[in-house]
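# Chains, contacts and geometry: an overview
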Amino acid sequence: MSVPAPLRPSLYSETLPGGGHTSFVLKRGQLLRITDLEGGANVSLMLFNANEKSERLNLPDSLKCQHTAKLTAGHCLYSDMGRVLAAIVGDTCGWSDSFGGVLNAEEVTEKYGQGRYQELRNGFFRNGEDNLLVEMGKWNLGLADLLMTLNLFSKVTVDAEHRFVFHPGNSTAGDYIELYAPMDTLVVLTALQHPLDPAPGYAPKPVQLDWHKVADDGITVLCRTTREENVRGLHNTDRIYL
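Because the structure is predicted, anything quoted here is derived from the model rather than measured. (Residues numbered from 1 in each chain as written. Predicted model: local features only at pLDDT ≥ 70, side-chain atom pairs only at ≥ 80, totals over all residues. Heavy atoms only, no water.)

### What about the sheet that holds strand 4 (residues 43-49)?
Backbone hydrogen bonds are what pair the strands of a sheet, in a parallel or an antiparallel way. Heads up, the condition is: In this description, strands pair whenever DSSP reports at least two bridges between them. Helix and strand definitions here come from DSSP, where helices need a minimum of 4 consecutive H or I residues and strands a minimum of 2 consecutive E residues; each element is numbered from the N-terminal end. Between the N-to-C directions of two axes lies an angle of 0 to 180 degrees, each axis being a line fitted to C-alpha atoms and, for a helix, fitted only over the stretch in contact. What makes two residues a contact is simply this: any of their non-hydrogen atoms within 4.5 Å.
Read across the sheet, four strands follow the order 2-11-4-7 without closing on themselves; strand pairing throughout is antiparallel. A strand with exactly one partner marks an edge of an open sheet, and here the two such strands are strand 2 (21-26) and strand 7 (150-152). The average undirected angle you get between the axes of adjacent strands in this sheet is 30 degrees. The sheet contact formed by strand 4 and strand 7 spans three bridges and is antiparallel. Paired with Val43 across the bridge in strand 7 is Leu152. The strands that helix 4 (residues 128-137) touches are strand 2, strand 4 and strand 11 (185-191); relative to strand 11, the one it contacts most, it runs at about 145 degrees.

### Overview of the pattern of salt bridges
Rules: Each salt bridge in this description consists of a side-chain nitrogen of Lys or Arg and a carboxyl oxygen of Asp or Glu lying within 4 Å of one another. We call a residue buried when its accessible area falls under 20% of the maximum for its residue type, exposed when it is over 50%, and partly exposed in between, using a 1.4 Å probe and counting protein chains only.
One pass over the full model with this rule turns up 11 salt bridges. Between Lys205 and Glu38 there is a salt bridge, with its nearest N and O atoms 3.9 Å apart. Of the two residues, Lys205 sits in the loop between strand 11 and strand 12 (207-213) while Glu38 sits in the loop between strand 3 (30-36) and strand 4, which places them 167 residues apart along the sequence. Here Lys205 falls in the partly exposed class, since its relative accessible area comes to 28%. Between Asp61 and Lys64 there is a salt bridge whose closest N-O contact spans 3.5 Å. Pair noted here: Asp61 and Lys64 are both in helix 1 (residues 59-65), with a separation of three residues, about one helical turn. Connected through salt bridges with shared partners, the residues Asp159, Glu161 and Arg163 form a single ionic network.

### Some points on the side chain of Ser79
The criterion, for reference: In the analysis that follows, any N or O atom pair within 3.5 Å is treated as a polar contact, provided that within protein one partner can donate a hydrogen and the other can accept it, and provided that, for residues neighboring in sequence, both atoms belong to side chains.
The residue Ser79 is located in the loop between strand 5 (76-78) and strand 6 (84-91) in this model. Here Ser79 falls in the buried class, since its relative accessible area comes to 1%. Of note is the side chain of Ser79, whose polar atom sits 2.5 Å from the side chain of Glu55. In terms of polar contacts, Ser79 uses its side chain to reach the backbone amide nitrogen of Met81, at 3.0 Å. Discounting chain neighbours no more than four positions away, the residues touching Ser79 are Glu55, Arg56, Leu57, Asn58 and Leu85.

### Some details on the pairing of strand 11
Within strand 11, seven of the seven residues are buried, which leaves it mostly tucked inside the rest of the structure. Alignment of strand 2 against strand 11, held across six bridges, turns out to be antiparallel. The partner of Ser23 across the bridge, within strand 11, is Val188. Bridge analysis of strand 4 against strand 11 gives seven bridges, and the strand direction is antiparallel. By the bridge assignment for strand 11, Val43 is matched with Ala191.

Encoded structure:
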């Protein structure tokens, strides 16, 4: 339900290294493609209304109103105001996790051992909490604003004993997820391993970020037909720009 990437006007492209973090405003009508370059990537994502940052991603509402426990193509990422911060219009790996969150510095040390800057320089072990807070600080956001994160490319299910189960290999090299912005959306993200990833070593994977300009001439059709709720959510979003 989207125009093939080669036909889209390309605005910009960059590689986010494993352990890296960034933030930017994805403007209304733009599409961001995030590509797993090596396989096994995880990208922890936060979203805010760029013009009113007290409005931010609400994952429980996103899951509840779309009657799903996973997020993939055809799903919308809702704010706490019932508007759509981003629509997932492309997804080749088929599952992103809403439950796992991110690790803090103490948890990273406990899981992977010491990885200090003094010995490793720029290869030191980073953690999701600090990475996100660094980026949030650039937009006058702080610890009180660090709420829910969506872990792109990662699959987590619940077993018969009601325990979370991480599925290694959910994303392979070349898999991508595309986010379309029906409003000006502040995107904050970091590329670190999922907290439930059983791999014993610290080895976050790089991703590529590609920006495209896309007219909404069918790009959100899949989301609008997946759930009736998404028609209302996108309508609520469009009202901002009347």
